Amino acid sequence: MLTLRSFVVVSVIVSVNCQNCAKSNGIRQSPVNINTLNLIYDWAPSLKWSFGYALTPESVYINNTGSSFSLTVKHKWPLEISSGVLDVPYKFDQLHFHWGDHNGIGSEHTIDGFTYPLEMHVVHSQNTKNDADQIVVVAYFFKVSSIPNLGLQSLLDKMLEAGPKKHEIFEIKPFALSQLLPEKFSYLTYKGSLTTPPYTESVTWIISTLELPISESQLDVFRETSKMDQGLKNNFRCGQDLNFRDVRLILEPVQYSHSSAHMLLQLFLFVAVVTALGPDCIQNPGAFQSPIDIDTKTALIKKIGKLEWSTGYNRLPENATLISNGHTVSLEMVSRYPMEIKFPLFPVKYKFIQLHFHWGNKFDVGSEHTMNNKSYPMEMHVVHTQTENLLYPKYIVLGYFLSLTRKGTTGLEEIIPAVVPAATTINAPIPVKRFKLLKFLGSHVFPYYTYQGSLTTTPYDESVRWIVAKNPLSITRKQLDVFYKAAQIEIDMLNNYRCTQDPKV
Ligand SMILES: [Zn+2]
Ligand SMILES: [Zn+2]
């Protein structure tokens, strides 16, 4: 992963003397500089690599093509990538490299002006589709490391021998390509071209955000060959104009976490910290994702009836604590009496687990649901669950908007003093003065909007009956400031809301 240090290095851009710095007349030429502030965050299934990549091929060959070293294989098993942003499988053709004379140059693509010393292109193609989608190049950046890259070794062993003999094919010790090519990563993708003649505009680029290690002495082998063949010296093309093309960041699903903010920080430390801390605005393809915009004009009016609250809600609990999981603060209560709700549509009871909050960094953002496209500064979720009957949703979440007023809703004042202490330490319960939850929740829930949706944090489980109170609770400016302060202490709480999910047809 990149470090903030390398972000600083960006400002010291080296003047390059690559061999091919002419701007092309094309409209979708490659490579490009990728400005991380303009990325579109997106979702796609994982890229699939056929199992052949994990098996040792019969033979592996390298040759000096005159502009790089190209690696090809003879394999019993198909080598194909599919899924992800690809709609048909693409077959492996070859892989090759671009590098420079020193660590400040080498890669073709650059990130916020930052250049890597080496970029590897794994070229795949297919011929069933139109010309514009013929080729997929998976690109990996290499970063100098004290650890050598073992996946490169058998290639490097033969490179000095193959270097002077242009176009001659050398067999190298076979190895499974998966040793060199990590298969799971978040990636940048855009439509571009070949970076060598004839610069055909037929390439879908998939650029791994996972940087691969390479040692200085391994890089030296690449540079050594440049002395044998001038065609191998600084064999990278300079950046071309992006021309209004979109560059999407596709997040590897397994890396999803509650807040995209934290994850993006891990992925892209070169994104300025403040801009990375946005809400989780990735659109999930699921059909019942939450939150949603509640359009009060099209909502159906039904007489469903009131919620029933068990006795535990109307007694002082034995114990009440506020606890941070890093993303939000949750109120937990232990009561001698059952704390369960009964929703008229389902015959099972739902047990209280906890209630927590979502908020933003200013008054007009923060709630997860919106009402006629209006956000509230906060939203509270009261999570209930049942495991008795699988026919019914696993969760009922009561959602309450909080709106700014002069006087906060009774009960909130007991929670507020624990917010900052809770934010300061993850997973440490902070005592809260006991109060009756029913007063806080019960009288405010009716009338409500209800729909079938999902959790708004990972794993986005679509087994949630949402009950969203029509009338907001109240919070004062001073109380809201306490939550803003918590987010300054635990930066991952900043904008800890998920954006509304588009309705699916
Ligand atoms: Zn290339
Ligand atoms: Zn929530």
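Residues numbered from 1 in each chain as written. Chains lettered and ligands numbered in written order. Predicted model: local features only at pLDDT ≥ 70, side-chain atom pairs only at ≥ 80, totals over all residues.

- The name an unreviewed UniProt entry gives the protein chain is Carbonic anhydrase, with Aquatica leii as the organism.
- Of the comments in the UniProt record for the protein chain, the one headed Catalytic activity (unreviewed entry) reads "hydrogencarbonate + H(+) = CO2 + H2O".
- In its Cofactor (unreviewed entry) section, UniProt records this for the protein chain: "Zn(2+)". (UniProt positions renumbered as here; feature names shortened; annotations may be inferred.)

Remarks on the overall build of the protein chain
Next, step 1: Counting secondary structure elements, the protein chain contains 8 helices and 28 strands.
Next, step 2: When the backbone C-alpha atoms are referred to their principal axes, the protein chain occupies close to 85 × 45 × 40 Å.
Next, step 3: Classification of the 505 residues of the protein chain by burial places 40% in the buried group.
Next, step 4: Pairs at least 24 apart in sequence give 73% of the contacts found in the protein chain among residues at least 6 apart. (Helix = DSSP H or I, 4+ residues; strand = E, 2+ residues; numbered from the N terminus. Buried ≥ 20, exposed ≤ 12 C-beta atoms within 10 Å, placed from the backbone. Contact = placed C-beta atoms within 7 Å.)

Digging into the packing of helix α2 (residues 153-162) against helix α3 (residues 216-228)
Any two packed helices are characterised by how steeply their axes cross, that is the angle between the axes, and by the distance between the axes.
Next, step 1: In the contact formed by α2 and α3, the axes pass within 9 Å of each other and the chain directions differ by 20 degrees. When the interaxial angle is binned, α2 and α3 end up roughly parallel. Considering only the axes of α2 and α3, their crossing is left-handed. The residues of α3 that touch α2, namely those facing Leu156, Met159 and Leu160, are Gln218, Val221, Glu224 and Thr225.
Next, step 2: Residues belonging to the contact of α2 with α3 are distributed by class as follows: 4 nonpolar, 2 polar and 1 charged. (Axes fitted to C-alpha atoms, helices over the stretch in contact; angles between N-to-C directions. Parallel < 35°, antiparallel > 145°, perpendicular 65-115°, else oblique. Left-handed = near helix turned anticlockwise from the far one by under 90°. Nonpolar A, V, L, I, M, F, W, Y, C, P; charged D, E, K, R; others polar.)

Structural notes on the environment of phenylalanine 363
Next, step 1: With respect to the helices and strands, phenylalanine 363 occurs in the loop between β21 (349-359) and β22 (370-371).
Next, step 2: The exposure class of phenylalanine 363 is partly exposed, given the 14 C-beta atoms found within 10 Å.
Next, step 3: As for phenylalanine 363 and lysine 303, which are separated by 60 residues in sequence, their C-alpha atoms are 33 Å apart.
Next, step 4: For phenylalanine 363, the residues in contact, after removing those within four places along its chain, are Pro377 and Leu404.

Looking at the nonpolar core
Next, step 1: Leu118, Met120, Val136, Val137 and Ala139 are the most contacted members of the largest nonpolar core, which has 55 residues in total.
Next, step 2: Each residue touching valine 136, except ones within four places of it in the same chain, is listed here: Ile81, Leu86, Tyr90, His124, Thr204 and Ile206.
Next, step 3: Ile294, Ala320, Tyr350 and Leu473 belong to the second-largest nonpolar core, a separate cluster that totals 51 residues. (Core = buried A, V, L, I, M, F, W, Y, C linked by C-beta atoms within 7 Å.)

Focus: α3
Next, step 1: With 13 residues, α3 should reach 18 Å at 1.5 Å per residue; the first-to-last C-alpha distance of 19 Å fits that figure.
Next, step 2: For α3, the complete set of buried residues consists of Gln218, Leu219, Phe222 and Thr225. Buried residues of α3 fall within an arc of 110 degrees about the axis and therefore sit on the same side. In α3, the exposed positions angled more than 90 degrees off the buried face are occupied by Glu216, Ser217, Asp220 and Lys227. (Expected span 1.5 Å × (residues − 1). Arc of directions from axis to C-beta.)

Examining the packing of helix α6 (residues 412-424) against helix α8 (residues 477-489)
Next, step 1: Two elements in contact, α6 and α8, have axes separated by 8 Å at closest approach and are oriented at 10 degrees. With respect to their mutual orientation, α6 and α8 come out roughly parallel. Here α6 runs over α8; the crossing is left-handed. Between α6, through Leu412, Ile416, Val419, Val420, Ala423 and Thr424, and α8, the contact on the second element is made entirely by Gln479, Val482, Phe483, Lys485, Ala486 and Ile489.
Next, step 2: Its residues placed into classes, the contact of α6 with α8 shows 9 nonpolar, 2 polar and 1 charged.

A closer look at the pairing of strand β19 (residues 329-334)
Next, step 1: Only one face of β19 is covered, namely the face carrying Val329, Leu331 and Met333; the face carrying Ser330, Glu332 and Val334 is uncovered.
Next, step 2: Where strand β18 (residues 319-324) meets β19, 6 bridges bridge the pair, whose relative direction is antiparallel. By the bridge assignment, serine 324 is partnered in β19 with valine 329.
Next, step 3: Joining the antiparallel neighbours β18 and β19 is a turn of 4 residues, in which glycine 326 adopts a positive phi near 100 degrees. (Pairing = 2+ DSSP bridges.)

Observations concerning unusual backbone geometry
Next, step 1: Along the chain, serine 30 connects to proline 31 via a cis peptide bond; the corresponding omega equals 0 degrees.
Next, step 2: Mapped onto the elements, proline 31 comes out in the loop between α1 (4-9) and β1 (33-34).
Next, step 3: Following phenylalanine 446, the chain continues into proline 447 via a peptide bond in cis, with omega recorded as -5 degrees.
Next, step 4: Looking at the secondary structure, you find proline 447 in the loop between α7 (437-441) and β26 (448-453).
Next, step 5: Backbone geometry at aspartate 112 places phi at a positive 50 degrees, although glycine is not the residue there.
Next, step 6: Following the sequence through the fold, aspartate 112 ends up in the loop between β8 (110-111) and β9 (118-125).
Next, step 7: Residue classification places aspartate 112 among the partly exposed positions, given that 18 C-beta atoms sit within 10 Å.
Next, step 8: We note that histidine 167 has phi near 70 degrees; this positive angle belongs to a residue other than glycine.
Next, step 9: Examined against the element boundaries, histidine 167 turns out to sit in the loop between α2 and β11 (169-172).
Next, step 10: Judged by local crowding, histidine 167 falls into the exposed class, with 9 C-beta atoms found within 10 Å.

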